Amino acid sequence: MLTFCTTCNDCKKEMPLKDFNKKLGQVCKECLSKRRSLKYEKYQSILRRFKTVKGCKQCGWREHFAGLEFNHRNPKEKKFQIANRAESILAKRGCSSWLSFREELGKCDVLCSRCHSVLTWEQGHQRGAKVERIS
C-alpha cells in the first residue's frame, strides 16, 4: 500500500497525510495542538493581568487573579461570559471579534469573589428575586 507523506512546517518531521489536519494544511496535529495550547495560555495571561491590574471595584483587593471575577453590570445585556469565550474571541483575527470582545468587557466590572457573591445574592440573580441586605 502506498502512503503519501508530507513535512510539517513547525517540527519539520515527515509524516503520513493522516497526521495532518486537512483544513489547516502543512502543520501536523501534534504541532497544531501545541499552538492552540500556547494561544490559550497567552489569552488567559492577558485576562489574568487585566483583572489583577484593575482589582476589585468595590473593595480594591487585587492580590491574585484567581480571586477576581468579571461581573456584568446588567446581566440582561450579556452576550457571552468573558472568561469562557475569551481565547476563542481573541484568537480570531477578525476585527468584529475583537470589537465584540472589547464591547462585552466594557459591560463588566472586576470584583473579588466575595464582593461578586454578595452582589449576585443581593441582586437576586440566583433565585430570580431581589433581596435586601441584612446588616
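Keep in mind it's a predicted model, so treat the numbers as computed, not measured. (Residues numbered from 1 in each chain as written. Predicted model: local features only at pLDDT ≥ 70, side-chain atom pairs only at ≥ 80, totals over all residues. Heavy atoms only, no water.)

1. Things to note about the pairing of strand S4 (residues 108-112)
Item 1. In terms of burial, S4 is largely enclosed, as five of its five residues are buried.
Item 2. Alternating positions in S4 separate into two faces, Cys-108, Val-110 and Cys-112 on one and Asp-109 and Leu-111 on the other, with burial throughout. (Buried < 20%, exposed > 50% of the residue type's maximum accessible area, 1.4 Å probe, protein only. Helix = DSSP H or I, 4+ residues; strand = E, 2+ residues; numbered from the N terminus.)

2. As for the pattern of salt bridges
Item 1. All told, the structure shown has eight salt bridges when counted by the stated rule.
Item 2. One salt bridge in this structure joins Lys-79 and Glu-103, with 3.2 Å as the shortest N-O distance. Taken together, the residues span a long stretch of sequence, with Lys-79 in the loop between strand S3 (68-72) and helix H2 (82-91) and Glu-103 in helix H3 (residues 95-106) at a distance of 24 residues.
Item 3. The class of Glu-103 is partly exposed, set by a relative accessible area of 42%.
Item 4. One connected set of salt bridges, linked through shared partners, spans Lys-57, Arg-73 and Asp-109. (Salt bridge = Lys/Arg side-chain N within 4 Å of Asp/Glu carboxyl O.)

3. Regarding the environment of Arg-102
Item 1. Residue placement: Arg-102 occurs in helix H3.
Item 2. The exposed category is assigned to Arg-102, whose relative accessible area is 52%.
Item 3. Placed 20 residues apart in sequence, Arg-102 and Ile-82 show a C-alpha to C-alpha distance of 9.7 Å.

4. Comments concerning unusual backbone geometry
Item 1. Unlike most non-glycine residues, Lys-12 shows phi in positive territory, near 65 degrees.
Item 2. Summarising the element assignment, Lys-12 is placed in the loop between strand S1 (5-7) and strand S2 (14-16).
Item 3. Given a relative accessible area of 58%, Lys-12 falls into the exposed group.

5. Concerning the environment of Cys-59
Item 1. With respect to the secondary-structure elements, Cys-59 resides in the loop between helix H1 (29-54) and S3.
Item 2. What makes Cys-59 partly exposed here is its relative accessible area of 48%.
Item 3. Separated by 52 residues in the primary sequence, Cys-59 and Leu-111 have C-alpha atoms spaced 8.2 Å apart.
Item 4. Ignoring any residue separated from it by four or fewer positions in sequence, one finds Cys-59 in contact with Cys-112 and Cys-115. (Contact = heavy atoms within 4.5 Å.)

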